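As a plain string of letters, each chain reads:
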Amino acid sequence: MTAPGPRPLAVTMGDPHGIGPEITVRACADPRLPAPVLVIGDPGTLARACRTTGTPLRVRTVTGPEGAGRTPGVLDVLPAGPALPAHLALGTVAASAGAASYAYVRHGVELALAGRVRALVTAPVNKEALRLAGIPHPGHTEILAELTGARRHAMMMANDELRVVLVTVHQSLRTALDALTVERELDTIRLAHETLRDRDRAGDTGPRIAVAGLNPHAGENGLFGREDLDVIAPAVCAARAEGIDASGPWPADTVFLRARRGEFDAVVAQYHDQGLIPVKYPGLEHGVNITLGLPFVRTSVDHGTAFDLAGTGTADHTSLLTALRHATALAPER
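Keep in mind that what you see is a predicted model, and the values were worked out from it rather than measured.

1. Regarding the pairing of strand E11 (residues 288–292)
- Within E11, five of the five residues are buried, which leaves it mostly tucked inside the rest of the structure.
- Burial of E11 is two-sided: the residues Val288, Ile290 and Leu292 facing one way and the residues Asn289 and Thr291 facing the other way are all buried.
- Relative to E11, strand E6 (residues 154–158) is paired through five bridges, and the arrangement is antiparallel. Among the inter-strand pairings, Ala158 is bridged to a residue of E11, identified as Val288.
- Examined bridge by bridge, E11 and strand E12 (residues 298–301) share three bridges and lie antiparallel to one another. Counted as the bridge partner of Val288 is Val301 from E12.

So, in structure tokens, the structure goes:
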């Protein structure tokens, strides 16, 4: 019988046709790995990824997370999803790969909700493959919200210098503008505040939340559009009335720089590219994706499946290692 020990971090291996399996095995073999890990995926695919990358790990199939990740030189894998062929069409979009990657996430969520793993860390999935598999969601954030029943959720992208929470995520710019409401804005500010207050413990006075404006110069007092006056400013005022240290709307072309300099603990951005470009600009290997509003900690890489690198053994695993480090910090084992 396995002796009691710390719960492992659960890592879903991502789309099997992408770099997910390769970066997963490399991260698990890295001496900087911060905690025990259980990989949810396909054992055969992960064994081939070890050979492709020259990673000296022996794949061991397990039936549950208890005791996983505690044997040096062994990669503990919990099988999930449909069986995969011995020879995958690496670098291609396929419904079977989308179905498999969804199954890994679903099983990881079940374990996290049951408290059997410390946190959930996800390797990248492919949005087109998910769609071909009949999954009606464009990415992890929306899938996790449905599987957990989370009515309030948001994406936070972070590196060592900057944390950005998005009001809108995976939708066109035109529909994102239509989706901005005072309540949605306020709820995103609340989620940023609650997460940094409860998980990051950002000081006695609470985290400082800056809200980026939508229009150039935050609308220039209505000259360049009224969204900043009619939507963002009222949400900031409401947040402050609740005791949240929120400010804005600030011009988006300078607020991220101010946050990097230490004036703010996080920035609320209005749409996908506004928030993600500042985080990703220093390098994809330094970023991490954190889902707010879930009943457990979930982190992920901040890059995609990189089909052009799949099977080459050269994909950089640093972002996944960073995601594991953030998961360990946000979900301390007690």
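2. Things to note about helix H1 (residues 20–29)
- The element H1 is largely enclosed, with a buried count of eight among its ten residues.
- For H1, every residue scored as buried is listed here: Gly20, Pro21, Glu22, Ile23, Thr24, Val25, Ala27 and Cys28.
- Looking at the buried residues of H1, the elements they touch are strand E1 (9–12), strand E2 (37–41), helix H2 (43–53), strand E4 (74–79), E12 and helix H11 (318–330).

3. Overview of the pattern of salt bridges
- On inspection of all chains with the given rule, the structure shows 15 salt bridges.
- When the shortest N-O distance is used, the salt bridge between Asp230 and Arg226 registers 2.9 Å.
- Taking relative accessible area as the criterion, Arg226 reaches 46% and is therefore assigned partly exposed.
- Where salt bridges share partners, they join Arg152, Glu183, Asp187, Arg190, Glu194 and Glu242 into one cluster.

4. Details of the sheet that holds strand E7 (residues 163–166)
- One open sheet accounts for twelve strands, arranged E3-E4-E2-E1-E5-E12-E11-E6-E7-E10-E8-E9; its pairing is mixed. A strand with exactly one partner marks an edge of an open sheet, and here the two such strands are strand E3 (58–61) and strand E9 (245–250). Ignoring which end each strand starts from, the neighbouring axes of this sheet average 30° apart.
- Lying over the sheet, helix H3 (residues 95–113) contacts E1, E2, E4 and strand E5 (120–122), oriented at roughly 140° with respect to E2.
- Sitting on the sheet, helix H5 (residues 140–148) touches E5, E6, E11 and E12, and the angle it makes with E12 is about 160°.

5. A closer look at the environment of Val279
- Among the secondary structure elements, Val279 is positioned in helix H10 (residues 272–280).
- A C-alpha to C-alpha distance of 23 Å links Val279 and Arg152, two positions 127 residues apart in sequence.
- For Val279, the contacting residues outside a window of four places in its chain are Met157, Ala158, Asn159, Leu162 and Val164.

Procedures and definitions
Residues numbered from 1 in each chain as written. Predicted model: local features only at pLDDT ≥ 70, side-chain atom pairs only at ≥ 80, totals over all residues. Heavy atoms only, no water. Buried < 20%, exposed > 50% of the residue type's maximum accessible area, 1.4 Å probe, protein only. Helix = DSSP H or I, 4+ residues; strand = E, 2+ residues; numbered from the N terminus. Pairing = 2+ DSSP bridges. Contact = heavy atoms within 4.5 Å. Salt bridge = Lys/Arg side-chain N within 4 Å of Asp/Glu carboxyl O. Axes fitted to C-alpha atoms, helices over the stretch in contact; angles between N-to-C directions.

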